[in-house]
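Here is what each chain is made of, one letter per residue.
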Amino acid sequence: MPSLRSIPRLPLLAAAVCAAVMLVLQGVNYALVSSHLERQARLGVRNQLLNAAPSLDTLLEQRALQMLDAARTVSVQPGFIAAATHGDASVLQPALSQLSERLGSDTVALTDGNGLPLSNASTTTAQLLKAMQSTTPLPRDQDDEPVRHMVLVDWHLYQLIAVPVASTGSPRWLICAQPVTQTTLAQWRKTAGGETALLVRQPSGTWHLMLSTFTPPEGGLPDSTWAEINPAKRSARRTGGLSAASVWLQPRIQDADFDARFTLLTEGDPGNVNQAQAGVLALAPASAAPDSRDALLGLLLPLSLVGTGLVAIAAFLITRPTITMVRRLTAWANSQQNGQSKSPPKSRGLGEVSELSRSLEALQKATREREAEIMHLAYRDTLTGLPNREKFRNELRKVVAKAIEANAPCSILVMDLDRFKHVNDVLGHGFGDRLLRMVAQRLRDEVLDGSMPLARLGGDEFAVLLKRADTPAAKKVAKHILHALERPLQLDDHTIDLAAGIGIASCPAHSTDADELLSRAEIAMYAAKQQQSGIVIFQPTLDAGSQASLSLLSELRRAVDESQLRLFLQPKVDLRTGQVIGAEALVRWQHPQRGMVPPTQFIPFAEQTGFIRKLSMWMVEHTARAWRDLYQQGLEIKISVNLSTRDLLDQDLPGKLEHIIRQYGVHPGALVLEITESATMDDPDRALHTLANLHRLGLRLSIDDFGTGYSSLAYLKRLPVDELKIDKSFVMKMESDLDDAKIVRSTIDLAHNLGLSVVAEGIENEQTWKLLAGLKCDEAQGYFIARPMPAEQFFDWVKGWQTPQTENVRLSTDFAKMI
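As a further point, take the packing of aromatic side chains. Scanning the model with the defined rule gives five aromatic pairs in all. Pairing W589 with F602 gives two aromatic rings, centres 5.5 Å apart and planes at 90°, and the pair type is edge-to-face. A residue pair is termed long-range when its members are at least 10 positions apart, and W589 in strand β20 (residues 580-591) and F602 in the loop between β21 (595-597) and α14 (603-609) qualify at 13 residues. For W589, a relative accessible area of 0% puts it in the buried group. What makes F602 buried here is its relative accessible area of 0%. Feature note: the residues F794, W797 and W801 constitute an aromatic cluster, connected by ring pairs.

A word on the environment of R576. Assignment of secondary structure puts R576 in the loop between β19 (565-574) and β20. Once the C-alpha coordinates of R576 and K776 are considered, the two residues, 200 residues apart in sequence, prove to be 8.1 Å apart.

A few words on unusual backbone geometry. Cis geometry marks the peptide bond from C507 to P508; its omega dihedral reads 10°. Turning to its location among the elements, P508 is positioned in the loop between β17 (499-507) and α12 (514-531). Even without being glycine, R468 reaches a positive phi, approximately 55°. Structurally, the position occupied by R468 is in the loop between β14 (461-467) and α11 (471-486).

Considering the arrangement of structural elements, one finds E522 in helix α12. It is 9.5 Å that separates the C-alpha atoms of E522 and E461, two residues lying 61 residues apart in sequence. What E522 contacts, discounting residues up to four positions off in sequence, is R389, V414, L457 and E461.

With that settled, consider the pattern of salt bridges. By the definition in use, this model includes 28 salt bridges. The salt bridge involving D574 is made with R576; its shortest N-O contact spans 3.5 Å. Residue classification places D574 among the buried residues on the basis of a relative accessible area of 11%. What makes R576 exposed here is its relative accessible area of 65%. Where K638 meets E723, a salt bridge forms, and the shortest distance between an N and an O atom there is 4.0 Å. Of this pair, K638 sits in strand β22 (residues 638-642) while E723 sits in strand β25 (residues 723-726), placing them 85 residues apart in sequence. Each member of the pair, K638 as well as E723, is classed as buried. Here the salt bridges share partners, and the residues they tie into one network are E390, R393, R397 and D515.

Here the focus is the pairing of strand β11 (residues 277-285). Most of β11 sits inside the fold, with eight of its nine residues counted as buried. Of the pairings in the sheet, the one linking strand β5 (residues 195-201) to β11 comprises seven bridges and is antiparallel in character. Note on β11: the bridge partner recorded for T196 is A282. Sheet topology note: the strand β10 (residues 256-264)/β11 ladder contains seven bridges and is antiparallel. By the bridge assignment for β11, A260 is matched with L283.

Calculation rules
- Residue positions are given per chain, counting from 1 as you read along its sequence in written order.
- Totals for whole chains, interfaces and linings use every residue, but because this is a predicted model, local features are given only for residues with pLDDT of at least 70 and side-chain atom pairs only at 80 or more, for both listing and counting.
- Computation of side-chain values: all heavy atoms of the structure, hydrogens and water removed.
- Aromatic pairing here means that ring centres of Phe, Tyr or Trp (its six-membered ring) are within 6.5 Å. Orientation follows from the plane angle: under 30 degrees is stacked, over 60 is edge-to-face, and everything else is tilted.
- The helix count covers DSSP runs of H or I at least four residues long, the strand count covers runs of E at least two residues long, and both are numbered beginning at the N terminus.
- Exposure categories follow from relative accessible area, calculated using a 1.4 Å probe and restricted to protein chains: below 20% of the type maximum is buried, above 50% is exposed, and the middle band is partly exposed.
- Note on contacts: a residue pair qualifies if any of its non-hydrogen atoms lie within 4.5 Å across the two residues.
- By salt bridge we mean one thing: a side-chain nitrogen of Lys or Arg within 4 Å of a carboxyl oxygen of Asp or Glu.
- By this definition, two strands are paired if DSSP reports at least two bridges between them.

Quick look at the structure:
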């Protein structure tokens, strides 16, 4: 027999939940049925009590008709009429006695129109007549209609009729009355179907139980039992000549609740609490439902328990196989996490669990395939099929560990192709990819064997792992690689000449750590490319330079974040008017330890590392802010900002600049972007696209250092530029070097013919000023005008600027002829 722990808990839980749900449903069902029985029983009691009033009316009507028939029989006799007219007691008394015996009541009398007795009347009769007159006096106009009343005398209720007696004189009434007794209530109880009672209230008093068909508790019922009776609020109705008012009550008698209907029987104003009142009460137990409810519970409880048990067993039996299979599948899934490869358990049948088992099996198969693909992608270069950087690093770690253990050397070569970027840009990336595959194939076929793994680290960078090879042996392999690349590659009718820079690092000579060894080989490779020496073996001095570069990059990032950079402006002057019309924005680095760092020490480094983009955005934003400040002071000028090659290759550059000029409210024409000829030549089409987008924004474009690059005029005229800036190498000595002066003159003429304005940079004396002005140069910039100054000092400088007076400046003959 299985232990309780071996039984799956979920089937037990399912059985318990189903059983609980069944019990709740059965409980709700019992409550609803019980409530319905309760309502039906209550409704039956109410209907029974409603029917009790008509039965009381019928009973009282029968009694009234009996008295009426007897009284009329007497009242129409001629002798009685004559005696009533003349007050003959000898005739009246026998007739009244006979009527009293017939009715079984001694309450019989003959009265005048005021209700005063004309015959001998008992004390009870006299009190009855007096009470009648005080509440409902006899009518003044006597007719043939009898009068009916319910009259209360000394806590006793009487049913009274008054029959008119024919008379030639004053009105005469024959009065008959019968009391409401225990017998009356008992008779009414037979037809009412419940208990009955008579309640009486004296003037300014409370209601008291006078007669009842039930036995009151010892000590009687408290007066508060009938406190709900308020005749003033009852609705009157006419029933068989009785003025009645009814109200529903819910008295509690002997710890039992009753439904009761009270009917007021006495005459008079129902709301007059100073008047004696009497009424009858029909009662029934508030509900007969408990017996029915108990019977129902006795029937439903066994059925509910049996049904609940069956449902719980069914739930357990249905869910147990499913849960057992789920547990097996869970155990299988856990085993997969531990690297086991067995197939998932199979489930019989066509249910969802079987489908889950098949899905997991398919998932396992797909996962294995994806894992294999991921492993391939993770460790293989998809372009060449060679091991990638990660695979090479793993192999390098293994080889270094074995080399250290065997006390043997090993080396690595890291190679980067020369001029590959140019080939890629000119002939396309597809051509470049095929060229990389051809290079890898040539190296494997002509230089390397199976003991020298070749890997592609990324881009046009390759690595070779040389087991048991020291530095001289590695250098020999590197020479073979360079020799193999000396022969041009033929691809699609193109002859490609390639070279490479190769860096060498050996273990244990240069490092015993695999990652550090790879890093040092790359450092040596970068040195080989910079020195164009083909092969460089790692030296500690190379690493020091690399560490310094990393330190400089870190400090440069911190300089931007900590506001160590300063914006300087160098004025530009219109040579025709002598007015300051612009400035060039320059950056200076206020280093906390080194002091003011000149741009030549960090701008080239920023261009090499790509940090120049962030630096350019810093320049543009601070230039825009400076322009806004000057504009708000009433000075509207144009300010130039230099862009690098990397900036032009950023397709998001126009959007970034548009955001900045909108943020600071800069007029687009007030911002001039200076670019070098070489910057546009690295990727001409891409640069042209970026420049066109910048031009569409309304920004002015300027070719900086014109004359030092290698751009063709055919390409230059395609650029959407607005001005040329002549390099200072031609301007600084043009007042003494006739060739420089001719170059400047030709450049000015060329620019004007192309519709461009010209800026001369590097003016340092008044002779150069006069010569440039004579050559119709548009703007000038240089130390003769002003050195670069902090942006916050620029406005004050402009206010103090005075145009140089060069009328008396003499130029040599050859230069004077030029103007």
